[in-house]
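# Coordinate inspection notes
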Amino acid sequence: MSGMFGDISVEEFLRDYWQKKPLLIRQALPGFQSPITQDELAGLACETDASRIVIEKGGKCPWEVRHGAFDDDSFADLPETHWTLLVNDTDQHLPELKAVMEPFRFIPDWRVDDLMISFAVEGGSVGPHMDNYDVFLIQAQGQRRWQITTQPATPDNFLPDLELRIMREFQPEQEWVVNPGDMLYLPPNVPHYGVALNECMTYSVGFRAPLQSDMLEKLVDDLLEEPRLQQRFRDEGRSLQEHPGELTEADMDRLIDFVLDALPQDTHALQKWLGKYLSEPKADAEAPEPSDISKAELAKLITRKKTFEKTPNIRFLYFLSGSDIYFFTNGLQHILPIEQLDFVRFLCSSNQYKHAGYKDLLQNKEYLDLFLTLIQEGLIYINE
Ligand code: SIN
Ligand code: CO
């Protein structure tokens, strides 16, 4: 997939900036308009606990953090200035927010975390800080002043006793005032400080970068379910050893082999595990709602040219192996013949399936069966 952000091509962006250095792109998304209003964002913050209000001044303490889910009263007693409402995972709730992430799909889906949206009044900020992840910060409404620095955010450079990690000292080296449609890209660990100059909305397209320890923990967790790991260490054919206190090299070799043997030995097994691991829904994602739709009912909907939607909080991904497609839907593996690749790509690439897009594909009986299964599992739903 290729495309342009302002004057820069995605190829140049990947080569020179991704994971490497910050980039401000004026009018990266010209005419960008927030698909939701600030009131709708507040409404969303009342439905999800992935929401926070940060009050720098005028709260119970400096940099007070209040946690959602909120209710109408939560917004009644806020000061005039210096607060920000932040809502994570907004793309899991509304398909029109999922669509905001479309221009960023030159980075593969598995690497994407969420769309966070913030609304701030004048002076609103979460303080100077750094994040562990790459982020595209799209200005959606109003103006924000961004400052960045190369100054390190070392453990001794944080304000004490705060819930937020806010840098004690922050000397800006670059500064921009952004307008709607402008975008700031930040690689991980670049200290930044964004202050709303007036009522402003900022969209953060955030990426995920698994922690090595988390991946290993998850891999081991999954392996523990395998019956083959129920074998015990054996040491028939021991040779006599002189000192009972010694852990001999020969024993260590056997023990090391024994424990390493527990890990999958072939790449293919690990690839399948990756597909499952990376397509699993987020821990706090709402479970999909299964449907008991029949094949005949689906056929009727197709004749009526209905639009279908991918459930916003689910993940599809696939990899190719020989003449098979390993297609993963929310942690579940389907092995399909390579002939079905067009359809799998179609399912993965869109979030919305319109009649014009699916009508030819769904003539195929296998595709129709797979589509039906996905609807029955609640991973695709009918747009009423
Ligand atoms: C914000 O949108 O207010 C904060 C985004 C960030 O600094 O990461
Ligand atoms: Co940040």
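Keep in mind the model is a prediction, meaning the values are calculated, not measured.

### Side note on the sheet that holds strand β14 (residues 307-310)
The three strands are arranged β18-β14-β19 in an open sheet whose pairing can be described as antiparallel. If you trace the sheet from one side to the other, it starts and ends with β18 (352-353) and β19 (380-383), each paired once. As judged from the two bridges shared by β14 and β18, these two strands associate in the antiparallel manner. Directly across from E309, in β18, lies its bridge partner Q352. The strands that helix α10 (residues 365-376) touches are β14, β18 and β19; relative to β19, the one it contacts most, it runs at about 85 degrees.

### Re the packing of helix α4 (residues 212-223) against helix α6 (residues 267-279)
Where α4 contacts α6, the axes come no closer than 11 Å and their chain directions differ by 110 degrees. When the axis of α4 is compared with that of α6, the two are roughly perpendicular. Facing α4, whose interface residues are M215, K218, L219 and D222, α6 presents L270, W273, L274, K276 and Y277. Residues that form the contact of α4 with α6 fall into these classes: six nonpolar, no polar and three charged.

### Topic: the packing of aromatic side chains
Given two aromatic rings, one states the distance between the centres and the angle between the planes to describe the pair. The final tally for this structure, using the stated rule, is 32 aromatic pairs. Ring geometry for W18 against F207: centres 5.1 Å apart, planes inclined by 80 degrees, an arrangement best described as edge-to-face. With W18 in the loop between α1 (10-16) and β3 (23-25) and F207 in strand β13 (residues 200-207), the pair connects residues that are 189 residues apart, well separated along the chain. Each member of the pair W18 and F207 is classed as buried. Residues F319 and F328 carry aromatic rings whose centres are separated by 5.8 Å and whose planes lie at 25 degrees to one another, so their mutual orientation is stacked. A network of ring pairs unites the aromatic residues F5, F13, Y17, W18, F104, F106, F136, Y185 and F207 as a single cluster. Above the face of the W146 ring, R144 is positioned so that its terminal group lies 5.4 Å from the ring centre. Positioned over the ring face of F158 is R165, at 3.8 Å from the centre of the ring.

### Observations regarding the site of ligand 1
Residues in close proximity to ligand 1 include L86, S118, V126, H129, D131, L137, R144, W146, H192 and T202, which together make up its full environment. Contact between ligand 1 and D131: an oxygen atom at 3.4 Å from a side-chain N or O atom of the residue. Computed on the free molecule, ligand 1 has an accessible area of 260 Å², of which 95% lies beneath the protein chains in the complex. If you map ligand 1 onto the pockets, it falls in the largest pocket. Class assignment for the residues of the shell around ligand 1 results in four nonpolar, four polar and two charged.

What counts and what doesn't
- Residues numbered from 1 in each chain as written.
- Chains lettered and ligands numbered in written order.
- Predicted model: local features only at pLDDT ≥ 70, side-chain atom pairs only at ≥ 80, totals over all residues.
- Heavy atoms only, no water.
- Pairing = 2+ DSSP bridges.
- Helix = DSSP H or I, 4+ residues; strand = E, 2+ residues; numbered from the N terminus.
- Contact = heavy atoms within 4.5 Å.
- Axes fitted to C-alpha atoms, helices over the stretch in contact; angles between N-to-C directions.
- Parallel < 35°, antiparallel > 145°, perpendicular 65-115°, else oblique.
- Nonpolar A, V, L, I, M, F, W, Y, C, P; charged D, E, K, R; others polar.
- Phe/Tyr/Trp six-rings, centres within 6.5 Å; stacked < 30°, edge-to-face > 60°.
- Buried < 20%, exposed > 50% of the residue type's maximum accessible area, 1.4 Å probe, protein only.
- Lys NZ or Arg CZ within 6 Å of the ring centre and 35° of its normal.
- Near = heavy atom within 4 Å.
- Polar contact = N/O pair within 3.5 Å; in protein donor to acceptor, adjacent residues only side chain to side chain.
- Areas by Shrake-Rupley, 256 points an atom, 1.4 Å probe, with all protein chains shown as cover.
- 1 Å grid on protein atoms, 1.4 Å probe; cavity = no way out; pocket = protein on both sides within 12 Å on 5 of 7 lines; lining within 4 Å.
- Sits in = over half its atoms within 2 Å of the grid points.

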